[in-house]
Every structure is written in structure tokens, then in C-alpha cells.
Amino acid sequence: MKTIIEPFRIKMVEPIKLTTPAQREEILRRAHFNVFQIPAEEVMIDLLTDSGTSAMSSEQWAGMLRGDESYAGARSWYHFESVLRDLTGMPHILPTHQGRASERILFELICAGQERNPILRSGEQPGGQERNPILRSREPLVIPNNNHFDTTRANIEHSGAEAVDLVIDEGRAPRSRHPFKGNLDPQKLEALIERVGAARIPLCMVTVTNNSGGGQPVSLANLQEVRGICARHGIPLFLDACRFAENAYLIKQREPGHAHRSARDIARAMFDLADGATISAKKDGLVNIGGVLLMRDHALAERANNLLILTEGFVTYGGLAGRDLEAMAQGFTEVLHEDYLQYRLRSVAYLGEHLLAAGIQIVEPPGGHAVYLDAAAFCPHVPPARFPGQAVVCALYRHAGIRAVEIGSVMFGRVDPVTGAASHPPMELVRLALPRRVYTQSHIDYVIEATIEVFERRDQLRPLRILEEPAALRHFTAKFEEM
Ligand code: F0G
């Protein structure tokens, strides 16, 4: 049989409100052409994000009822800890309320001024004493990654450090069919270390899969090579492992020599190469809220636990309820079921292949959790300064009630505060992210049909201008006007 079915039955349904084009026009204008400002009820197919939008299984819901809400040492904590230990092999497992909480704790410890903070001082820094003179010299620390996700970049910059993207060149070329476009370029990493010195690089990250670069996977061979470089220079390697299971399955499918291995075994091999990881469980944890911070270094873990207690909660619940820990424990188990992963990656590929066949340029090949439209190719008459991605996002909502997200000059463009000159990211993308286990094939067929219809009238897409924007993460709240 060629057909890959959804490997689940539906036992509870949530109605979708169907809106008319006239209603959507009005809603879009009220939201100032920013789909983050549209009430979710007014969206027919919500592809804004795959984060926290999963449908939980009957076993996860059963776990919610079994949740132990004791303050310290709850049964649910031990269950969660044993699942994560088995999956990752990491000795220190800290629960957090979501990925960015893990990032904040990690970067506050690694990058921010330790001299003034007794909590942060109560241990050695990984890498030893030789880093301290650098911290005192006020030269910014540098954190490389294949591509930093926006909250990771914001947390790093907030701590005073600099976030640098070192993805391979193919990772910036939408048409390249390189199987591992998420790979971090080893030569660029060596060059960075040479330029700034290893002492200014307290940590190297690799994001699996590479969300900002199109949801593209990172190969095991690349992780091994990056690990080797980091080890030679005494730089700890951390994974941003939000989508570790999708990355593992793409390794199984695409990297020679791994087809016979289980996704679980490959995932473990990925974690074995790292000194730690930040995870948003809202992706491959198959839950609506939750996160994890993992590490091997005992002294760093001691400081992280102190900060966790200060800002998230006691170390056995980290800002979550016992029931959330149960749902995560079950989610991190289910996500590695291969029937699920095969269906999951097939649905993303199905959407991508149909759009490509209609002549719509996407980031090829389709990645793990989303299809990324190349908005620069979609509407070449709209220059980066007039936000081609946002124009496509508005058109998809207007035409079909589909909510996508711009990942281009709105999200990553910068205006120099001194010269006023605008800089633009290398790609103008629109992400169609698929929530896990939520939509069926007919929903995907509707998205394909709508996107093709918008593409057929692409010359009518309107450039936009920003009317108001906040100082950081402007994509959430900026107000636009059509020109
Ligand atoms: N790292 C990556 C690669 C992410 O994709 C995200 C979130 C985070 C970290 C932060 O996790 O949201 O739990 O705090 N990505 C979501 C998205 C928001 O839509 O891609 P969080």
C-alpha cells in the first residue's frame, strides 16, 4: 500500500469556525495586517506554529489524571526524570515551563556578569578560570549556532553576548537539495574561533532541526565534526533539541549507514555528542506547555538549579504542575514511535511536494515540521524593505483563513539606530508549520489548493509598511499598513 494513514483515530473534535472573505478582510484590517493579533477563533487552519499546538494522546490525558501534585519529589517528577535520562543520558535534568526559560537560565549563567551575582558565582564556569579575565575585559562573548531561533538570539543578546549564525552555505539557498541543510559549517566555526579566540566562546549551540533555516536537519556526521572542533578548543557543545525526534528520523531516512537504526537510538547518539541541551517540550514533547534544560557539568548544574528555584520553581517541578510532567514523560516516549514519525514527516513532504509541483518555490527539500515558502520568489515585485513574506501571509489569511508566519525581514530585519539603514536576512520565508496530530489530509489538501490560488494571483499582493513597532521581537506586535 502506498497510502500512509494518520496512525490514530479521533475521539474528540474541536469545531472550526468557517469565515467569509468579507469577514476576514475586516479581521485582517483590525489586526493591522499582523496575524499574531488575530483571535485564533477567526482562523480556519492555524499553521502559525507547531509549538504547543499538538493534540495529546489518550495516554497523555490519562497521565494528566495520574499527576502527583506534591511540592517536592512528586511521583510524576521521578517518572519524567527517568524518561528523559533514558532518552538523553544526561545526568542533570531540569524541568522548565518552556524552551526560552531553559535558554534564559543557561545564558544568564554562561554569559552575564558573574562578579555581581552570588547565586551565579557558587561554582566553577565550564572551561575553567581562564575565561574570567575575558568576562572582566567586557569584550562581548560570542555564541555560534547553525541558526539561532529568535528567542535564543534575544536571550543571548539580552545577556550582553553576540549570537552568530554559521549554517552551511546550502542552508541559505532555497533551491539547494542538500539533505542536511541545517549543518553548521565546520570551516566557519574554525574561522570564528581563530578570529575571536576560544576564550570568548563559552558555548557552541546546534539547533536540531534548524527551525530558522527552514526546519532542515543536521547530520550525525556534522554533529561529530562540530563536537571534535569544540572539544579541541575546550568549548562545550549544547543542542537546541526542540525537534530532536524529527531530526533523528530525517537522519534515518537520509544519512547513509543509519537506515537500520531506530529513531530512539539515533536520538541518543545525538545527545551523546553534546554537553547539554535546551528543549522546548512544546514541539517533540507533544505537549502544550513544558521545557527541559539538560547538562553534564555538575558545577554548572548546581548554579542552574539555584537559578531555577529563584525564577521557575523547585527542582522537581520547575514551574510546571505534576500533570504536565506526566504528559511530557508520555509525549517524549510517543514521539519516537516510528509509525508516528513516518506519518509526521510524510505529511510535511506531501504539502511541500504539491506546492513545488505547482511551481511554488519552497525551501527544498521539505524539512521536519513545516514547509517554508520562498516569498522573494513568490512575489518578486515586493522588495525586502516592503516585506514580501508578510504580503504572502496576509494573502493566505484573506483568501482562505489560513494563518502562516513570516520568517524574513519582519522577524529578522534590523534598522541601524544611528544611520537608519535597514539590513535584511538572507531569505524571505513564510512558514506553514504543521501542528502535530491535529490536521488530517483534507486540511492539508485545502492548504495546497488555497496556496496555489494565491500564487496564481501573486501580482496582486500588496507591499507593506510598518506603522508602529516595539524595540525587540517586533513581529509579535508591529502594526502594518498596505501600500
Ligand atoms: N528553539 C527553537 C528552535 C524554537 O523553535 C523555539 C520555539 C524555541 C527555542 C523556544 O521555545 O517557545 O518553548 O520558549 N519556537 C516556536 C516556533 C515558538 O513557532 O517555532 P519556547
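Definitions and limits used
- Residues numbered from 1 in each chain as written.
- Predicted model: local features only at pLDDT ≥ 70, side-chain atom pairs only at ≥ 80, totals over all residues.
- Heavy atoms only, no water.
- Phe/Tyr/Trp six-rings, centres within 6.5 Å; stacked < 30°, edge-to-face > 60°.
- Helix = DSSP H or I, 4+ residues; strand = E, 2+ residues; numbered from the N terminus.
- Buried < 20%, exposed > 50% of the residue type's maximum accessible area, 1.4 Å probe, protein only.
- Domains from an automatic or database assignment.
- Contact = heavy atoms within 4.5 Å.
- Buried area = accessible area lost by both parts, 1.4 Å probe.
- Salt bridge = Lys/Arg side-chain N within 4 Å of Asp/Glu carboxyl O.
- Polar contact = N/O pair within 3.5 Å; in protein donor to acceptor, adjacent residues only side chain to side chain.
- Nonpolar A, V, L, I, M, F, W, Y, C, P; charged D, E, K, R; others polar.
- 1 Å grid on protein atoms, 1.4 Å probe; cavity = no way out; pocket = protein on both sides within 12 Å on 5 of 7 lines; lining within 4 Å.
- Points joined across faces, edges and corners; volume = space filled by probe spheres on them.
- Near = heavy atom within 4 Å.
- Areas by Shrake-Rupley, 256 points an atom, 1.4 Å probe, with all protein chains shown as cover.

Peer 1: Got a minute to help me understand the packing of aromatic side chains in this structure?
Peer 2: Within a pair of aromatic rings, the relevant descriptors are the distance that separates the centres and the angle that separates the planes. This model, assessed by the stated rule, comprises 10 aromatic pairs. Relative to Tyr-343, the ring of Phe-8 lies with its centre 5.5 Å away and its plane at 85 degrees, an arrangement referred to as edge-to-face. Of this pair, Phe-8 sits in the segment before α1 (21-30) while Tyr-343 sits in helix α14 (residues 338-357), placing them 335 residues apart in sequence. Residue Phe-8 is classed as partly exposed on the basis of its relative accessible area, which comes to 25%.

Peer 1: Just checking my understanding: could you explain the domain arrangement of the protein for this structure?
Peer 2: A common measure of how large an interface is: the accessible area buried when the components associate. Its domain assignment divides the protein into domain 1 (21-50 + 337-482) and domain 2 (59-334). Using C-alpha coordinates to define each centre, domain 1 is positioned 27 Å away from domain 2. At the interface, 33 residues of domain 1 touch 37 residues of domain 2. Counting each side, the surface lost to burial between domain 1 and domain 2 is near 2900 Å², with a carbon and sulfur contribution of 53%. It is Glu-338, Glu-364 and Pro-365 that lose the most area in domain 1 upon contact with domain 2, and together they represent 18% of the buried surface on that side. Our enumeration of links across domain 1 and domain 2 arrives at 7 salt bridges. Glu-364 is the partner of Arg-177 in a salt bridge, and the nearest nitrogen-oxygen pair spans 2.8 Å. Our count for the domain 1 to domain 2 interface comes out at 20 residue pairs in polar contact (both at pLDDT 80 or more). Contributing elements (two or more residues each) for the side of domain 1 that touches domain 2: α14, β9 (370-374), α17 (409-412) and β14 (429-433). Looking at the side of domain 1 that touches domain 2 residue by residue, the classes come out as 17 nonpolar, 7 polar and 9 charged.

Peer 1: For this particular structure, what's the right way to read the layout of surface pockets?
Peer 2: The gaps left among the atoms become clear once a water-sized probe is rolled over them. Estimated volume of the largest pocket: approximately 1500 Å³. Met-12, Glu-14, Ala-55, Arg-437 and Val-438 are the residues nearest the centre of the largest pocket, which is lined by 37 residues in total. Elements that contribute at least two residues to the lining of the largest pocket include exactly α2 (58-66) and α14. Here the lining of the largest pocket takes 3 residues from α2, the largest share from any one element. Here the residues of the lining of the largest pocket sort into 18 nonpolar, 9 polar and 10 charged.

Peer 1: Would you mind going over the pattern of salt bridges with me for this structure?
Peer 2: According to the stated counting rule, one finds 33 salt bridges in the structure shown. Put simply, Arg-104 and Glu-108 hold a salt bridge, and the shortest N to O gap is 3.0 Å. Separated by 4 residues within a single helix, Arg-104 and Glu-108 lie in helix α4 (residues 99-111), roughly one turn from each other. Among the residues examined, Glu-108 registers a relative accessible area of 22% and is labelled partly exposed. One salt bridge connects Arg-200 with Glu-139, and the closest N-O pair in it is separated by 3.1 Å. Here the residue Arg-200 occupies a position in the loop between α8 (186-196) and β5 (204-207), and Glu-139 occupies one in the loop between α6 (132-137) and β3 (142-145), the gap between them amounting to 61 residues. One salt-bridge network, held together by shared partners, links Asp-50, Arg-243, Glu-246, Asp-284, Arg-344 and Arg-436.

Peer 1: Explain the site of the ligand to me, please; I cannot follow it from the model alone.
Peer 2: Residues in contact with the ligand amount to 17 residues; listed here are only the nearest, Thr-49, Arg-100, Ser-280, Lys-283 and Arg-431. Interatomic distance of 2.8 Å between a side-chain N/O atom of Gln-98 and an oxygen atom of the ligand. One nitrogen or oxygen atom from the side chain of Lys-283 is found 3.0 Å from a nitrogen atom belonging to the ligand. Protein coverage of the free-state accessible area of the ligand, which is 470 Å², stands at 93%. In terms of residues, the shell around the ligand owes the most to one element, α4, which gives 3 residues. Taken together, the residues of the shell around the ligand sort by class into 2 nonpolar, 8 polar and 7 charged.

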